[in-house]
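Structure at a glance
So you can see what is in the structure, the chains are spelled out below.
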Amino acid sequence: MSDAPSNPPSGPREGLKPAHPLSFFDPERVERPTPVRPWRAMIFAAAAATAILTLGWEIYWRGEGLIAGDFKNTAALWAQERRKATGDRTVMIGSSRAFFDTDLDIWEELAGVRPVQLSLEGTSPRMFLKDLADDEEFTGTVLVGVTAGLFFTGEGGLRADVLDYVNDESLSQRADHFLSLQLERVFAFIDESTRPKKQLYDARLPLRDGMKGRFFPRKLAILEADRNTEMWARLEEDEAKAEQAKEIWVGMARRFTPPPNPDGSPPPPMPDEAINAVIAGVKANVDKIRARGGEVVFLRFPYEGFYQQLEDTAFPRARFWDRLVEQTDSVGVSFHDYPQLQGYELPEWSHLAPREAERYTRALVPIVYAEIPRKAAARAGRGE
């Protein structure tokens, strides 16, 4: 409100300066005295309380198994790595198995190259294969992890928005990501699983009749700054957490599995036309990469238990994996075919335990780099 009376007298008043035309008051006439308070003591108390609460929160989450230097699996972190996927780089794309089951340090030690890790949980790699195929600057090797249920039923999935993020990322978002990385190197509590919203979302509260649970394990992985990833050790060490993850996987599979026929028989299998359409799209992208001097390798990582029953029944090898490898004329390395890729510990049926992923990578790398020249020689022998 203005300090002027409702009916101001006409003409100027002596001794008063007119108010600034763009303000509602004259700053030279308004006094805002600072209250007398022990400001130094108050600032010190607030800083001390903040430090104590932060330290307590950090100690609590470290006690729960979180560690500093474990980075959030954000779209910004994925975008950071996608910018490295150029030239003749080796790039890993896939779903969570390719993410958890390959150790980049071991791969680099054995092969002399460090793959760019672009795999994402719950997401089909087909969209990333297309993105690399359309990138004229990419001439490298693509390692494609194939989880049949995700690979053949969609091009996107849980994290499909990352490509849009790469294209639309602003300077302020990049700056925020850079600053966040510095804090995550120091504090263990900066983690998606510690957020109150995440805690509430995953709280195992009773469900009303007809509702289906949407639970997801609160934490699955430990990420380095370049997305080198391993399973969170608590899933291996704590049987209760592993059992909870298994329960969640079963619930999620049932949530997204087509319902049975009215007579109780299984739903019809995926028609050949749909499978051929998927493979044709993949082949077109493989051919683009290969035409620029690159290569594509398909990998199938271990699984067991419920997933073995589900995948081998719904996605039999002969109809899906074998046709994919044959029709794209690519290297295909499935754990089923190599004794050295079998017999590993999978605490929750679908992902390797941390030390097992290192051992698996040591077995996988020599196979991949032996098969690439063998397949290239076979194509050359056919005049392709």
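Everything that follows concerns the structure shown earlier in this document.
No experiment lies behind these values; they were computed from the predicted model shown. (Residues numbered from 1 in each chain as written. Predicted model: local features only at pLDDT ≥ 70, side-chain atom pairs only at ≥ 80, totals over all residues. Heavy atoms only, no water.)

1. Things to note about the overall build of the protein chain
Looking only at helices and strands, the protein chain has 15 helices and seven strands in total. For the protein chain, with 384 residues in total, the buried portion stands at 42%. Long-range contacts, defined here as pairs at least 24 residues apart, represent 78% of the contacts in the protein chain between residues at least 6 apart. Accessible area of the protein chain: about 21,300 Å², with a carbon and sulfur share of 58%. (Helix = DSSP H or I, 4+ residues; strand = E, 2+ residues; numbered from the N terminus. Buried < 20%, exposed > 50% of the residue type's maximum accessible area, 1.4 Å probe, protein only. Contact = heavy atoms within 4.5 Å. Areas by Shrake-Rupley, 256 points an atom, 1.4 Å probe, with all protein chains shown as cover.)

2. Some remarks on the sheet that holds strand E3 (residues 141–145)
Taken in spatial order, the five strands line up as E2-E1-E3-E6-E7 in an open sheet, and their pairing is parallel. In the strand order of this sheet, the two ends are held by strand E2 (116–117) and strand E7 (331–334), each with one partner. The pairing of strand E1 (residues 90–93) with E3 spans four bridges and is parallel. Within the sheet, the bridge partner assigned to Met92 lies in E3 and is Leu143. Along the sheet, helix H14 (residues 321–328) makes contact with strand E6 (295–300) and E7, crossing E6 at roughly 170°. (Pairing = 2+ DSSP bridges. Axes fitted to C-alpha atoms, helices over the stretch in contact; angles between N-to-C directions.)

3. As for the environment of Gln182
Mapped onto the elements of the fold, Gln182 is located in helix H8 (residues 171–184). Owing to a relative accessible area of 32%, Gln182 belongs among the partly exposed residues under this scheme. Between the alpha carbons of Gln182 and Gly69 there is a distance of 9.1 Å; along the sequence they are 113 residues apart.

4. Notes on unusual backbone geometry
Phi angles above zero are rare outside glycine, and Arg227 is one such case at about 70°. Although it is not a glycine, Asp329 sits at a positive phi angle of roughly 55°.

5. Overview of the nonpolar core
Membership of the largest hydrophobic core comes to 42 residues, with the highest contact counts inside it found for Leu299, Val333, Leu341, Tyr360, Leu364 and Val368. Here this core gets eight residues from one element, more than from any other, and that element is helix H15 (residues 354–381). Not counting chain neighbours up to four residues away, the residues in contact with Leu341 comprise Pro302, Val333, Ser334, Phe335, Tyr360, Ala363, Leu364 and Ile367. Formed by 36 residues, the second largest nonpolar core is a distinct cluster that contains Leu118, Val146, Val282 and Trp321. (Core = buried A, V, L, I, M, F, W, Y, C linked by side-chain atoms within 4.5 Å.)

6. Topic: a nonpolar patch on the surface
On the surface, Trp39, Met42 and Ile43 cluster together to form a nonpolar patch covering roughly 320 Å² of accessible area. Position of Ile43 relative to the elements: it lies in helix H1 (residues 39–63). We classify Ile43 as exposed; its relative accessible area is 59%. (Patch = residues over 30% accessible without salt bridge, like charges linked within 9 Å, V, L, I, M, F, W, Y side chains within 5 Å. Salt bridge = Lys/Arg side-chain N within 4 Å of Asp/Glu carboxyl O.)

7. Looking at the side chain of Thr123
Structurally, Thr123 can be placed in the loop between E2 and helix H5 (126–133). Reaching out from Thr123, the side chain makes a polar contact with the backbone oxygen of Glu121 at a distance of 3.0 Å. Leaving out residues up to four positions away in the same chain, Thr123 has contacts with Gly94, Ser95, Phe128, Leu150, Gly156, Gly157, Leu158, Arg159 and Ala160. (Polar contact = N/O pair within 3.5 Å; in protein donor to acceptor, adjacent residues only side chain to side chain.)

8. What to know about the side chain of Asp191
When you line up the elements, Asp191 lands in the loop between H8 and helix H9 (196–201). Its relative accessible area of 9% is what places Asp191 among the buried residues. Setting aside chain neighbours within four positions, we find Asp191 in contact with Leu66, Asp70, Lys72 and Lys219.

9. Notes on H1
The terminal C-alpha atoms of H1 lie 36 Å apart, and with 25 residues this matches the ideal 36 Å at 1.5 Å per residue to within 8%. Gly65 occupies a position one or two residues after H1 and carries a positive phi of about 105°. (Expected span 1.5 Å × (residues − 1).)

10. Let's talk about helix H12 (residues 272–291)
An α-helical segment advances 3.6 residues per turn. Residues three or four places apart therefore align on the same side. The first and last C-alpha atoms of H12 sit 28 Å apart over 20 residues, in line with the 28 Å expected at 1.5 Å per residue. For H12, every residue scored as buried is listed here: Ile275, Val278, Ile279, Val282, Asn285, Val286, Ile289 and Arg290. The buried residues of H12 all sit within an arc of 140° when viewed along its axis, so they share a single face. Across from the buried face of H12, at angles greater than 90 degrees, the exposed residues are Glu273, Ala277 and Ala291. Buried residues in H12 make contact with H5, E3, helix H6 (148–151), E6, H14 and H15. Two residues or fewer after H12 comes Gly293, characterised by a positive phi angle close to 95°. (Arc of directions from axis to C-beta.)

11. A look at the packing of aromatic side chains
For the coordinates displayed, the defined rule picks out 16 aromatic pairs. Ring centres of Tyr344 and Tyr360 lie 5.2 Å apart, and the angle between their planes is 75°; on these two criteria the pair is classed as edge-to-face. On the criterion of sequence distance, the pair formed by Tyr344 in the loop between E7 and H15 and Tyr360 in helix H15 is long-range, its members being 16 residues apart. Since its relative accessible area comes to 8%, Tyr344 is described here as buried. Given the relative accessible area of 1%, Tyr360 is considered buried. (Phe/Tyr/Trp six-rings, centres within 6.5 Å; stacked < 30°, edge-to-face > 60°.)

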